[in-house]
Every structure is written in C-alpha cells, then in structure tokens.
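Read off the chains here:
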Amino acid sequence: HTELSRVRQQARSLLALTQKVRDEKEPILLKSLSRIGLISTEATLDDVLNLKPTDLLARRLQTIVSSKLGFKTPYQARQAVIHGHIMIGERKIDIPSYTVTVEEESNIHFTPESKIPQMLEANKAKEPKVVTPAEGEEGAEATTKPAEATTKPAEATTKPAEATKEDKPSTN
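Presented here is an overview of the structure given in this document.

**Comments concerning the environment of Lys115**
The topology assignment puts Lys115 in the loop between strand 3 (108-110) and helix 8 (116-144). With 30 residues separating them in the primary sequence, Lys115 and His85 have C-alpha atoms 8.6 Å apart.

**Brief notes about helix 2 (residues 19-35)**
Along its 17 residues, helix 2 runs 24 Å from first to last C-alpha, staying within 8% of the 24 Å computed at 1.5 Å per residue. Its maximal kink placed at Lys25, helix 2 deviates by approximately 30 degrees, while the proline Pro27 follows within four residues. Here helix 2 has its buried residues at Arg22, Glu26, Leu29, Leu30, Leu33 and Ser34. Buried residues along helix 2 sit against helix 1 (2-16), helix 3 (45-49) and helix 7 (102-105).

**What about the sheet that holds strand 2 (residues 91-92)?**
Strand pairing within a sheet occurs via backbone hydrogen bonds; the two strands may be parallel or antiparallel. Read from one edge of the open sheet, three strands run 2-1-3, paired in antiparallel fashion. Strands at the two margins of the open sheet, each flanked by one partner only, are strand 2 and strand 3. With three bridges joining them, strand 1 (residues 86-88) and strand 3 adopt antiparallel strand pairing. Residue pairing across strands places Ile88 opposite Ile108, the latter belonging to strand 3.

Reading guide: rules and limits
- Residues numbered from 1 in each chain as written.
- Predicted model: local features only at pLDDT ≥ 70, side-chain atom pairs only at ≥ 80, totals over all residues.
- Heavy atoms only, no water.
- Helix = DSSP H or I, 4+ residues; strand = E, 2+ residues; numbered from the N terminus.
- Expected span 1.5 Å × (residues − 1).
- Bend = angle between axes of the 7 residues up to and from the residue.
- Buried < 20%, exposed > 50% of the residue type's maximum accessible area, 1.4 Å probe, protein only.
- Contact = heavy atoms within 4.5 Å.
- Pairing = 2+ DSSP bridges.

And the structure:
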C-alpha cells in the first residue's frame, strides 16, 4: 500500500493548496496516474482518493502477463517474468512488480527464444477435451443431487473406519 498511500497523500495535499497553486500541480499528478492506467484522463482528485490496492496491483507486469498471455496462475506468470521470458517492446523485463504504462501494455510479448508459448498452446490443445465435459458433468450433478453429494462423504468416512476396526482383530 506504500505507493497507493503516497499517491493519496499527494492528492490530499493538493486539495489543501490555494486554487492557483492547485491548478498548476493537479494536472501533473493526474497525467502521471492516467499514463499508467490508474485513472481515466477525465478523472478528478476524488477519483485518486478512491483508488483501491487492487487498482494498483492490476497494473503490475505479473498481473498483466497472467491475463494477457494465457497463464493458468499468477505464479506461472511471475516465474516467466523472473526467468526472463517476457519482453516489453525490445526490452527484457524481469521484475514482476514493474508498473506497466498504457502504451507499453500492447507491446508485452514473449522473448523470441522462449519455449513457453509452445508449452501453453500444447496445454490448451489438451485441456478442452478433458476439462469441458468434466465441468458440464459436475454442474449437472450439483444441480440434480446436492443432498446426496453432502451425505456421501460422511458415509465414506465411516466405512473406512469400520473397515480398519475389522482389519485389526483379524491380523492378531
């Protein structure tokens, strides 16, 4: 929250200034925040004060790579960034917390020597055959028999316990 706290403090201090000084300094803060995509170009200081930690986290390279390049988890995206598989334009970036500007966002891609795109495509080709029917079946079972689903685990836990009691005397 440190970066967010700094931005909010700047906005609060601008509100306390005289109108003349505020008119000079307010556009500088608003322009810098809109450049990194935290606020829109028509935003006010109230919008700056209403920023949430998730707004700032959404602008991290790790988060954008996770959603844009098709990783399953943010951890996978973080590993790809740390190990130098990600480029912004012609620069290799290996810092997951790097704040991506709006202009840079469209230039994020894998390095030419990275094998990760082929691995992701291979996983995507395998997944729909296995995952799609399973999700449909689970959804159908959950809607038709929710009570049975809750009672079966309880029965399953009692049966192994009885089986272990029966097994113990027979081994003596």
